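Here are the chains, one letter per residue:
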Amino acid sequence: MPDIFSLFQDQAEQFFKSGHTNNWAVLVCTSRFWFNYRHVANTLSVYRSVKRLGIPDSHIVLMLADDMACNPRNPKPATVFSHKNMELNVYGDDVEVDYRSYEVTVENFLRVLTGRIPPGTPRSKRLLSDDRSNILIYMTGHGGNGFLKFQDSEEITNVELADAFEQMWQKRRYNELLFIIDTCQGASMYERFYSPNIMALASSQVGEDSLSHQPDLGIGVHLMDRYTFYVLEFLEEIHPASQTNMNDLFQVCPKSLCVSTPGHRTDLFQRDPQNVLITDFFGSVRKVEITAETISLDPNLAAFESKPPKDELAAEPLKYAEQLPVAQIIHQKPKQKDWHPPGGFILGLWALIIMVFFKTYGIKHMKHIF
Amino acid sequence: MAAPLVLVILVAVTVRAVLYRSSLAAFISERVEVASPLNAWKRVVEGLALLDLGVSPYSGAIFHETPLIIYLFHFLIEYAELVFMITDVLTAIALYLAIQDFNKVVFKKQKLLIELDKYAPDVAELIRTPMEMHYIPLKVALFYLLNPYTVMSCVAKSTCTINNTVIAFFILATIKGSAFLSAVFLALATYQSLYPLTLFAPALLYLLQRQFIPVKLKSKSFWLYTMQYAALYLCSLVVIICLSFFLLNSWDFIPSVYGFILSVPDLTPNIGLFWYFFAEMFEHFSLFFVCVFQINVFFYTIPLAVKLKEHPVFFMFVQIAIISIFKSYPTVGDIALYMAFLPVWSHLYRFLRNIFILSCVLIVCSLLFPVLWHLWIYAGSANSNFYYAITLTFNIGQILLISDYFYAFLRREYYLTHGLYLTRQDGTEAMLVLK
């Protein structure tokens, strides 16, 4: 009997393992200008993976300078590629950038994190997390020892970031937080964290530079950074049901591939990284257990017979009615009504011409014509 | 003489056809020297497209062609290139026939004056012979058709070629002596662009000469004929304008065409003198200076009529040249028309003083136009002053050309009646000065 009990307890413990009920992602690209194409591609690639694994746009706060896709220097407008030979367009039709261009500032970033946002801000620009949220924070750009540069005009220091996370902890705005940073000397950014339940990864140690991966000769800039490239390759193998854990993520980019030494910090994290699933942060995996049997929750209602499930009629797939044929409207050309000169004009003109002709040459020529 | 003319026409048509098919056609039609806001092909197409969409083409500031052009191109727009080539050919043929007739008239008059002993005894070398005059019509047609200005104008499909055709037909009708046709074509030419109005005077003088009516202010027959011709001209002009009303059922075209020509609102650079002045001018002076500039075109008619009343065709040449220099939106197509006449006065060569420097000025300026345009607009290392300088130099060259020919013509006339070797009272050689 105690074995079954502990088995149930294990199962129950398994079920409520991570303690989170929703997932959020804050993805920040802190650079602008064309030659920082790779930072935008980094952020958009993480955005794509996170969406693929289930986090919806309403739970993603994406901060980009967004000046790549429509940049006059972009030979393929409206695209941002993350693979050379332009294999993978991470921009696409459905990217939702929440903070774009000059809105990506240190102040806005800290306000998003701490929730101190002016009342009129739309929902898409807020991090509406609660104490059961797991938040993924990904930052990329140019950084140094203890700071990260925002849009070439200001910096955020590691102390400010640590204090922001402490504010989040005190306001119960996260359950667990995964912080990933892909910049030069990235490890310096997580050195000062002091709030519990934070796990951090960085692409390079203090004193090292993070390097970019591959240039594309057609576009003319480097498309991705190495660390994020290999993280992405790793994430491509993750699907919502995978059981890969954080230790694998720590091994993602060895020095041979990344040239810099990636680092991580887990001392503030309460669970063992071995037990932390990738999908705890990167995906939005709902705990759903499917059962075919009916379970009676109220013992007094056991008198009700469970009805047999009705056969579902094979209905034809439902779809929305075509309310607005947008494509037709956009491509409609204005109806060409042909203009014709009025009959009176033509008549008058030719009558005049004939009159002049006969006045000059005389009526006697008429018999030569007819 | 028909065969060489046909050959010249064939060569000209080939040159134009080749240029139409090459990539230069697009480049040339963009040039401001060739296409002005009045006669650019792009605007014709735009106006016709607006008409197809149910909007009056005169409602914006883009279309400044007359309704007859709308009518013409409504049916012929797919054959536009053919139309322009045919108009060029027609102009050349009209000029050819006109100059042929004119030569006959000149020769007849010369014979008359010789028999009447009006010439001085030692001017034998100035007398023109039919031999030397034989190839002049062909040269005129050649000058018109193969002039680079004409070719560019035709390739750019500028409606200036149509204006030139109408003026050429007017000249043909005048020289043939038909007052009615001459009035009709003059009315058409005035209707197309306003300035051929000034050609009324030379045409009248020529027709009077042909009818042997002396130009005396007291003579009744002079006034009768003048009134008849003026009545014919004004009636045809009124009829054409009223007919144009019925094309679009509105008088919109009058401010759009004539108001535009007279008030010069569009200051796109061209080879004329108006744009720079009005670009730099303050608003409250612009009305005054527009009036001054426009009067400048019409002003030379009366003095020239007084001086050149015996030589109306030369007067016509000078008047056409003045129109094409001083009009509000000149293009190289207008210049081509009066340059076609230069072979007619080739016998004046020995009296021309500046012909070398003027031809250099004109050629160099024509070559510098695109260079300075590029420097101004594309390279940004020049500004409008540079382009205006070339415009000024070019126009000065043209004015000097005309005044040179004028001087040479008058000098020859003086020598014819007073002898070649002029001596002063004390026997030393005298110099003729144009005062």
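All of these numbers come straight from a predicted model, not from anything done at the bench.

Cut-offs used in this document
Residues numbered from 1 in each chain as written. Chains lettered and ligands numbered in written order. Predicted model: local features only at pLDDT ≥ 70, side-chain atom pairs only at ≥ 80, totals over all residues. Heavy atoms only, no water. Helix = DSSP H or I, 4+ residues; strand = E, 2+ residues; numbered from the N terminus. Buried < 20%, exposed > 50% of the residue type's maximum accessible area, 1.4 Å probe, protein only. Contact = heavy atoms within 4.5 Å. Areas by Shrake-Rupley, 256 points an atom, 1.4 Å probe, with all protein chains shown as cover. Pairing = 2+ DSSP bridges. Axes fitted to C-alpha atoms, helices over the stretch in contact; angles between N-to-C directions. UniProt positions renumbered as here; feature names shortened; annotations may be inferred. Polar contact = N/O pair within 3.5 Å; in protein donor to acceptor, adjacent residues only side chain to side chain. Patch = residues over 30% accessible without salt bridge, like charges linked within 9 Å, V, L, I, M, F, W, Y side chains within 5 Å. Salt bridge = Lys/Arg side-chain N within 4 Å of Asp/Glu carboxyl O. Phe/Tyr/Trp six-rings, centres within 6.5 Å; stacked < 30°, edge-to-face > 60°. Lys NZ or Arg CZ within 6 Å of the ring centre and 35° of its normal. Core = buried A, V, L, I, M, F, W, Y, C linked by side-chain atoms within 4.5 Å. Buried area = accessible area lost by both parts, 1.4 Å probe.

Let's shift gears to the overall build of chain A. If you tally the helices and strands in chain A, you get eleven helices and ten strands. Buried residues in chain A amount to 45% of all 370 residues. For chain A, the proportion of contacts with a sequence separation of at least 24, taken over those separated by at least 6, is 73%. Just so you have it, chain A exposes about 21400 Å², and 56% of that area is on carbon and sulfur atoms.

Further remarks concern the sheet that holds strand E6 (residues 147-150) of chain A. Each strand in a sheet pairs with another by means of backbone hydrogen bonds, the pair being arranged parallel or else antiparallel. Residue and element names in this part refer to chain A. The strand order across the open sheet formed by three strands is E5-E6-E7, and the pairing between neighbours is antiparallel. Each edge of the sheet is formed by a strand with only one pairing partner; in this case those strands are strand E5 (142-144) and strand E7 (154-157). Each strand axis lies, on average, 30 degrees off the axis of its neighbour in the sheet, ignoring direction. When E5 meets E6, the two strands line up antiparallel, connected through three bridges. Looking at the pairing, Gly-143 lines up with Leu-148 of E6.

Residues and elements named next belong to chain A. With numbering aligned to this structure, UniProt lists the feature "active site" (unreviewed entry) at His-142 and Cys-184. In summary, the annotated positions, though distributed over 43 residues, converge in three dimensions, the widest C-alpha pair being only 6.4 Å. Structurally, His-142 can be placed in strand E5. A polar contact of 2.8 Å, which involves the side chain of His-142, links it to the side chain of Asn-36. Inspection of the secondary structure assignment puts Cys-184 in the loop between strand E8 (176-182) and strand E9 (198-202). With residues up to four places along the chain from it excluded, the contact list for Cys-184 reads Gly-143, Gly-144, Ser-204, Glu-208, Asp-209 and Ser-210.

Attention shifts here to the pairing of E7(A). Residue and element names in this part refer to chain A. Pairing between E6 and E7: four bridges, direction antiparallel. Residue Phe-150 lies in a different strand from E7, and its bridge partner there is Glu-154. Hairpin remark: E6 followed by E7, antiparallel, with three residues in the connecting loop; positive phi at Gln-151, about 55 degrees.

Within this structure's numbering, the places UniProt gives as "transmembrane region" (unreviewed entry) are residues 339-358 of chain A. For the annotated span residues 339-358 of chain A, helix accounts for 80% and strand for 0% of the residues, and the straight-line distance between the end C-alpha atoms is 31 Å.

Residue and element names in this part refer to chain B. Taken together, the side chains of Leu-7, Val-11, Val-15, Leu-142, Phe-143 and Leu-146 define a hydrophobic patch exposed on the protein surface, amounting to about 470 Å² of accessible area. Secondary-structure elements contributing two or more residues to the nonpolar patch are helix H1 (2-21) and helix H7 (136-146). Relative to the elements of secondary structure, Leu-146 occurs in helix H7.

Here we come to the packing of aromatic side chains. Going through the model one piece at a time under the given rule, you end up with 54 aromatic pairs over all chains. With centroids separated by 4.5 Å and ring planes inclined at 25 degrees, the aromatic side chains of Phe245(B) and Trp251(B) adopt a geometry described as stacked. Every member of this aromatic cluster is reached through a ring pair, and the members are Phe102(B), Phe314(B), Phe317(B), Tyr338(B), Phe341(B), Trp345(B), Tyr405(B), Phe406(B) and Phe409(B). Here Lys125(A) stacks its cationic end above the ring of Tyr99(A), 5.2 Å away from the centre of that ring. Above the ring of Tyr407(B), the side-chain terminus of Arg353(B) is found at 4.1 Å from the ring centroid.

Moving on, we come to the UniProt feature "transmembrane region" (unreviewed entry) in chain B. Taken from the UniProt record, the annotation "transmembrane region" (unreviewed entry) applies to residues 68-99, 166-187, 193-209, 230-251, 257-278, 285-306, 351-373 and 385-407 of chain B. With 59% helix and 0% strand, the stretch residues 193-209 of chain B has end C-alpha atoms that lie 27 Å from each other.

The next point concerns the nonpolar core. Judged by nonpolar contacts, the single largest core of 166 residues is most densely connected at Tyr229(B), Phe317(B) and Trp345(B). Other than its neighbours up to four places away in sequence, Trp345(B) contacts Phe102(B), Val313(B), Phe314(B), Phe317(B), Tyr405(B) and Phe409(B). Residues Tyr37(A), Tyr91(A), Tyr138(A) and Ile238(A) belong to the second largest nonpolar core, which totals 53 residues.

Let us look at the interface of chain A and chain B. In this assembly, 17 residues from chain A lie in contact with 18 residues from chain B. Counting the surface lost from both chain A and chain B, the interface buries some 1600 Å², and carbon and sulfur atoms represent 77% of this. Taken together, the links from chain A to chain B amount to zero salt bridges. Remark: the boundary between chain A and chain B carries one residue pair in polar contact (both at pLDDT 80 or more).

Applying the stated rule across the entire model yields 22 salt bridges over all chains. Residues Glu176(A) and Arg271(A) are paired through a salt bridge, measuring 2.8 Å at the closest nitrogen-oxygen approach. A residue pair is termed long-range when its members are at least 10 positions apart, and Glu176(A) in strand E8 and Arg271(A) in the loop between strand E10 (263-265) and helix H8 (279-282) qualify at 95 residues. By relative accessible area, which is 4% here, Glu176(A) ends up buried. Among the ionic pairs, Asp101(B) bridges to Lys176(B), the shortest N-O distance being 3.3 Å. Linking Asp101(B) in helix H5 (residues 80-115) with Lys176(B) in helix H9 (residues 160-176), this pair joins segments that are 75 residues apart in sequence. Since its relative accessible area comes to 18%, Asp101(B) is described here as buried. The partly exposed category is assigned to Lys176(B), whose relative accessible area is 44%. What you see here is one network of salt bridges that share partners, running through Arg48(A), Lys51(A), Asp57(A) and Asp94(A).

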